[in-house]
Structure formats: structure tokens, C-alpha cells
Amino acid sequence: MRELIKEAITDLKRPDGFIYVTADGKKIDLHEAAARGIAVTPVNPKDVVIKKLEAAGLFLTDGKFVSELNDLIAALSGGSSSKGAGKRRSFSDSEKSKIVEEWQKVEAAGKKTKAAFAREIGVGYQTFINWLKS
């Protein structure tokens, strides 16, 4: 699977924008084909990549599949799922005060950085810094 993904990335990043295939469907470098006198057909790499990924069971043109795959990746990496991403949360002044008090305990113990603590509570670093200043 890893090799398939690496090949897909390489194909999509081609500088000339095309993959060249022979009459029997094999990929070939355009210069090599010209040197050997082989007729080629230019193909959109995106179409080829989509077909290969779908043959491997990765249906990346299906929005629901992509959403589920992103949720899986987020769950495995310890991040948040796409359902919660992008939604802002407001904190009351009392919640902010409790979070700052909790930070003071963590800071005294020397357990975490401010950035790690902010990530853990789901707040942007700069937002957290602003709370500490106020």
C-alpha cells in the first residue's frame, strides 16, 4: 500500500502533467519512447491514480469514505475527528479562571509546556497566553 501511495504522489507531481502509456497500457518515459520509436498516449495522471487506488479499496472520490478515513487517521494519531474540527468553543470567565488555576498547578510541577497544555485543553496557544495575561 505504501508503494502505491508513493507512486501515486510521484505521478500526480509530474512536471509535464501527463503519464505516457504504450499501446499495451504500460507506463513509459516520453523520451525513452521517442528514442525507441514507441507510440504513446498521454493520460491524465489523476485518472490513473484514482483507478489504482480504487482497485486497492481506497475510494477517495467518495466523500463519506474520505470523511471516515480522516476520522480513523485522527483517532489513531490521537487528534480530534473531522466532526469536531473547525468548531469554535467559547469559555466563560469562570472556566477560563479554572483553566488558568490548573495551569499554575501544572507549571509548578514542571510537567508540561504552555503549548502542550493548550493543545490538551483544546485551546490555541495564543488564546491561552492571552488568558494568562488577563
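Here the structure is shown first, and the text comes after it.
Quick notes on the rules
Residues numbered from 1 in each chain as written. Predicted model: local features only at pLDDT ≥ 70, side-chain atom pairs only at ≥ 80, totals over all residues. Heavy atoms only, no water. Helix = DSSP H or I, 4+ residues; strand = E, 2+ residues; numbered from the N terminus. Buried < 20%, exposed > 50% of the residue type's maximum accessible area, 1.4 Å probe, protein only. Contact = heavy atoms within 4.5 Å. Areas by Shrake-Rupley, 256 points an atom, 1.4 Å probe, with all protein chains shown as cover. Lys, Arg positive; Asp, Glu negative; His and termini not counted. Charge placed at Lys NZ, Arg CZ, Asp CG, Glu CD. Salt bridge = Lys/Arg side-chain N within 4 Å of Asp/Glu carboxyl O. Arc of directions from axis to C-beta. Core = buried A, V, L, I, M, F, W, Y, C linked by side-chain atoms within 4.5 Å. Phe/Tyr/Trp six-rings, centres within 6.5 Å; stacked < 30°, edge-to-face > 60°.

Chemist: Now, about the overall build of the chain: what can you tell me, with residues and values included?
Modeler: A count of helical and extended segments in the chain gives seven helices and two strands. The N-to-C order of helical and strand elements in the chain reads α-β-α-β-α-α-α-α-α. Split into buried and exposed, the 134 residues of the chain put 20% on the buried side. Once local pairs closer than 6 in sequence are excluded, the contacts in the chain between residues at least 24 apart make up 32%. Of the roughly 10000 Å² of accessible surface on the chain, 55% is carried by carbon and sulfur atoms. Computing the positive centroid from 23 side-chain charges and the negative centroid from 18, the chain places the two 5 Å apart.

Chemist: Quick rundown of the pattern of salt bridges? Include the residues and the values.
Modeler: Scanning the model with the defined rule gives six salt bridges in all. A salt bridge links K6 to E3; its shortest N-O distance comes to 4.0 Å. Placement of the pair is K6 and E3 together in helix 1 (residues 2-12), with a separation of three residues, close to one helical turn. Looking at E3, the relative accessible area reads 56%, which means it is exposed. A network of salt bridges, in which partner residues are shared, links E7, D11, K27 and K52.

Chemist: I'd like a rundown of helix 1, residues and numbers included.
Modeler: Within the span of helix 1, buried status applies to L4, A8 and D11. Taken around the axis of helix 1, the buried residues stretch over an arc of 65°, which confines them to a single face. Away from its buried face, by an angle of more than 90 degrees, helix 1 presents the exposed residues R2, E3 and T10. Those residues of helix 1 that are buried lie in contact with strand 1 (19-21) and helix 3 (45-55).

Chemist: Quick one: what's the story with the nonpolar core, residue by residue and with numbers?
Modeler: F91, I99, V100, W103, V106, F117, A118, V123, F128 and W131 together form the largest nonpolar core, which totals 10 residues. Those elements giving two or more residues to this core turn out to be helix 5 (93-109), helix 6 (114-121) and helix 7 (125-133). The element best represented in this core is helix 5, accounting for four residues. Contact partners of F117, with chain neighbours within four places excluded, come to I99, E102, W103, V106, K112 and F128. Core analysis: the next-biggest nonpolar cluster, separate from the first, contains five residues, L4, A8, L53 and L58 among them.

Chemist: Hey, could you go over the environment of R89 for me, with residue numbers and the actual values?
Modeler: Here R89 is to be found in the loop between helix 4 (63-77) and helix 5. As for R89 and G122, which are separated by 33 residues in sequence, their C-alpha atoms are 9.0 Å apart.

Chemist: So what's going on with the packing of aromatic side chains? Residues and values would help.
Modeler: Scanning the model with the defined rule gives six aromatic pairs in all. Consider the rings of F18 and Y20, whose centres lie 6.5 Å apart with planes at 50°: the pair is tilted. Residue F18 is classed as partly exposed on the basis of its relative accessible area, which comes to 37%. Seen in terms of ring centroids, W103 and F128 are 5.7 Å apart; in terms of plane orientation they differ by 90°. Their pairing is edge-to-face. Highlighted residues: W103 in helix 5 and F128 in helix 7, separated in sequence by 25 residues. What links up through ring pairs into an aromatic cluster is the set W103, F117 and F128.

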